[in-house]
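# Coordinate inspection notes
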Amino acid sequence: MDAAGLREAILRKARESCAVKEAFFREHAGRVAACAAAMADAFARGGRLYAFGNGGSACDAQHVAVEFMHPVVTKRPPLPALALPVDTALLTAVGNDQDFSLVFAAQLRLLARGGDIALGLSTSGRSANVNRALRVARELGLLTVGFAGRDGGRMPEACHHCFTVPSFSTHRIQEAHATLLHVVWDLVHVIRGQEDVL
């Protein structure tokens, strides 16, 4: 591919990414606001956020956790959040000794309490360990939030708030998830009374 072709490919991918996000937020803005309000209320009551996913979604779980724990806007207070995929020793122990589909659920059973927040991320909506953890979280009385893609898989039935990006491109889904986590983080703080500066 020549330079002109590469340039057009770049612009096409950027247009696709923008179009997916625009369509998603146009449809779900009200639901995103409701989810952020529920999360803000949970934090106000002393809740903690547990985020989890696999692969790129594990990175997004770490991303959302650090956004809450170490806000990029210095005037906003930190809020308690933990990314479950970071504990390699525990994940591999549970995966080896029991079953990989149990790794996040096992952590929630030990760490979480009613009133906390569970945020599961899966670009397909079909990750067994993510969906099992979300079901366990509901049993434990947590607020459950899901970021999915494609047709949502089994995730919507496990969540109080589930957001499905209707694309079959993992990249476009992940790009929408990254924007969604930033929007939710921002709205939680705005709802809690911080200035809307972003």
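Refer to the structure presented above.
Below: a short report on this structure.

Calculation rules
- Residues numbered from 1 in each chain as written.
- Predicted model: local features only at pLDDT ≥ 70, side-chain atom pairs only at ≥ 80, totals over all residues.
- Heavy atoms only, no water.
- Helix = DSSP H or I, 4+ residues; strand = E, 2+ residues; numbered from the N terminus.
- Expected span 1.5 Å × (residues − 1).
- Buried < 20%, exposed > 50% of the residue type's maximum accessible area, 1.4 Å probe, protein only.
- Contact = heavy atoms within 4.5 Å.
- Pairing = 2+ DSSP bridges.
- Core = buried A, V, L, I, M, F, W, Y, C linked by side-chain atoms within 4.5 Å.

### Section: helix α2 (residues 56-69)
Because each turn of an α-helix spans 3.6 residues, side chains separated by three or four positions in sequence point in the same direction. Under the 1.5 Å per step criterion, the end-to-end length of α2 is 20 Å for 14 residues, consistent within 8% with the ideal 20 Å. The set of residues buried in α2 consists of Ser 57, Ala 58, Asp 60, Ala 61, Val 64, Ala 65, Glu 67 and Phe 68. Looking at the buried positions of α2, the neighbouring elements they touch are α1 (3-44), β1 (49-53), β2 (81-83), β3 (117-121) and α6 (170-191).

### A word on the pairing of strand β5 (residues 161-165)
Within a regular strand, the side chains alternate between the two sheet faces. Where burial is concerned, most of β5 is hidden: 5 out of the 5 residues are buried. By the alternation rule, side chains of β5 split into His 161, Phe 163 and Val 165 and Cys 162 and Thr 164, which are all buried. Inspection of the sheet shows strand β4 (residues 143-149) paired to β5 by 5 bridges, in the parallel sense. Bridge pairing in β5 places Ala 148 opposite Thr 164.

### Things to note about the nonpolar core
Here is a general trend for soluble globular proteins: nonpolar side chains tend to be buried in one another's company. Judged by nonpolar contacts, the single largest core of 34 residues is most densely connected at Met 39, Phe 68, Val 145 and Val 188. When residues of this core are traced back to their parent elements, those giving at least two are α1, β1, α2, β2, β3, β4, β5 and α6. Looking at this core, the element that brings in the most residues is α1, giving 9 residues. Those residues in contact with Met 39 that sit more than four places away from it in its chain are Leu 49, Phe 68, Ile 117, Leu 143, Val 145, Val 184 and Val 188. Ranked by size, the runner-up nonpolar core spans 22 residues in total, among them Tyr 50, Val 103, Ala 105 and Leu 142.

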